[in-house]
Amino acid sequence: MADTSADTFDAGRLEIARGDITRLDVSAIVNAANEALAPGGGVCGAIHRGAGPGLAAACREIGGCPTGEARLTPGFGLRAEFVIHAVGPRWHGGTSGEEHLLAACYTAALELAAGAGVASVAFPAISTGIYGYPLEAATKTAVRTVREFTRTHDEPTRIVFCCFSPADTEVYRRVLAGEA
Ligand code: AR6
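Because the structure is predicted, anything quoted here is derived from the model rather than measured.

**Student:** Is there a simple way to explain the packing of helix H3 (residues 98–115) against helix H4 (residues 135–152) in this structure?
**Tutor:** Any two packed helices are characterised by the angle at which their axes cross and by the distance between the axes. One way to put it is that H3 packs onto H4 with a least axis distance of 9 Å and a crossing angle of 40°. As judged from the angle between their axes, H3 and H4 are oblique. Classified by chirality, the crossing of H4 by H3 is right-handed. In this structure, H3 uses Glu99, Leu102, Ala103, Tyr106, Thr107, Leu110, Glu111 and Ala114 to contact H4, whose residues at the interface are Ala138, Thr141, Ala142, Arg144, Thr145, Val146 and Phe149.

Laid out in structure tokens, this is it:
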């Protein structure tokens, strides 16, 4: 399979990157968080390990975040200046408002990024790991929501979809290219 790690779309404003989100050179990374904002597994675990204990302390101070919303903290030991903790829904079969909640957490994260003057932000595939959201459906919602936001906002100027596996990368590439 071709290496798609440098794929860009929408005149370069949207991008696919592959690998560990904590290694990306962006101003903010989005965490696939839980409502308690507690350190967990998956990408959340990687972000907390990279940031160090200051991040968990900042999250405790915030006290939690409802599903479909997002909260901003510093990045502490991470390369990124900020972490945006977005709480996606658990998948319950698709009839419990999952799509609306997933779109809402992407929009909330982008609003926080724009409000903080963040030029570049990277998203993991929120809800598609431990929370069980089917990848292609989640990707379509993520891409549609991000594109809607970019039509009405000038910032962030660079939005990266960070894919952890080659299979995920291929789904994002097809959805962004309008092939799925
Ligand atoms: N960089 C980029 N993506 C990653 C990384 C990484 N280092 N590690 C995993 N992924 P998940 P969720 C991908 O389970 O489904 C946590 O415990 C992973 O392959 O991290 O929203 C939280 O605290 C998948 O594609 O998040 C919550 O309790 C994507 O990130 C709960 O899991 C999301 O998978 C949230 O579950």
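Next comes the rest of the write-up.
**Student:** It is not clear to me how the side chain of Asn31 should be interpreted in this structure. Could you clarify?
**Tutor:** Within the element layout of this structure, Asn31 appears in strand E3 (residues 28–33). Judged by relative accessible area, Asn31 falls into the buried class, the value being 1%. Look past the residues within four positions of Asn31 in its chain and what remains in contact with it is Val43, Cys44, Ile47, His48, Val83, Ile84, His85 and Ala86.

**Student:** Would you take a moment to explain the site of the ligand for this structure?
**Tutor:** Surveying the vicinity of the ligand reveals 22 residues, the closest of which are Asn34, Gly41, Val43, Ser127 and Ile130. Within the backbone of Val43, an N or O atom sits 2.8 Å from an oxygen atom of the ligand. Alone, the ligand offers 700 Å² of accessible surface; in the complex the protein occludes 90% of this. Here the shell around the ligand gets four residues from one element, more than from any other, and that element is helix H1 (residues 42–51).

**Student:** Would you mind showing me how to read the pattern of salt bridges here?
**Tutor:** The final tally for this structure, using the stated rule, is nine salt bridges. Arg174 is the partner of Glu136 in a salt bridge, and the nearest nitrogen-oxygen pair spans 3.5 Å. Placement of Glu136 in helix H4 and of Arg174 in helix H5 (residues 166–176) is noted, with a sequence separation of 38 residues between them. A residue is classified by how much of its surface remains accessible, and Arg174, at 25% relative accessible area, is partly exposed. Residue Glu148 pairs with Arg144 through a salt bridge whose shortest N-O separation is 3.7 Å. In this pair, Glu148 and Arg144 both sit in helix H4, four residues apart, roughly one turn of the helix. What makes Arg144 partly exposed here is its relative accessible area of 38%. It is possible to trace a salt-bridge network through shared partners that takes in Glu99, Arg144 and Glu148.

Quick notes on the rules
Per chain, residues are indexed from 1 in the order of the written sequence. Two thresholds apply to this predicted model, a pLDDT of at least 70 for residue-level local features and 80 or more for giving and counting side-chain atom pairs, whereas whole-chain, interface and lining totals are computed over all residues. The side-chain quantities take in all heavy atoms of the structure and omit both hydrogens and water. Where helices are involved, their axes are fitted lines through C-alpha atoms of the stretch in contact, as for all axes, and angles between N-to-C directions lie from 0 to 180°. Helix and strand definitions here come from DSSP, where helices need a minimum of 4 consecutive H or I residues and strands a minimum of 2 consecutive E residues; each element is numbered from the N-terminal end. Roughly parallel means an angle under 35 degrees; roughly antiparallel, over 145; roughly perpendicular, 65 to 115; everything else is oblique. Crossing chirality is assigned from the near helix's rotation relative to the far helix, an anticlockwise turn below a right angle marking it left-handed and a clockwise turn marking it right-handed. Whether two residues are in contact is decided by their heavy atoms: any pair within 4.5 Å suffices. Throughout this description, buried means an accessible area under 20% of the type-specific maximum (1.4 Å probe, protein chains only), exposed means over 50%, and partly exposed covers the range between. Here a residue counts as near a molecule or strand whenever at least one of its heavy atoms sits within 4 Å of it. For this analysis, a polar contact is any N or O atom pair within 3.5 Å, provided that within protein one partner can donate a hydrogen and the other can accept it, and provided that sequence-adjacent residues contribute only side-chain to side-chain pairs. In these tables, accessible area is a Shrake-Rupley quantity obtained with a 1.4 Å probe, and a residue counts as shielded only by the protein chains included in the view. Whenever a carboxyl oxygen of Asp or Glu lies within 4 Å of a side-chain nitrogen of Lys or Arg, that contact is scored as a salt bridge.

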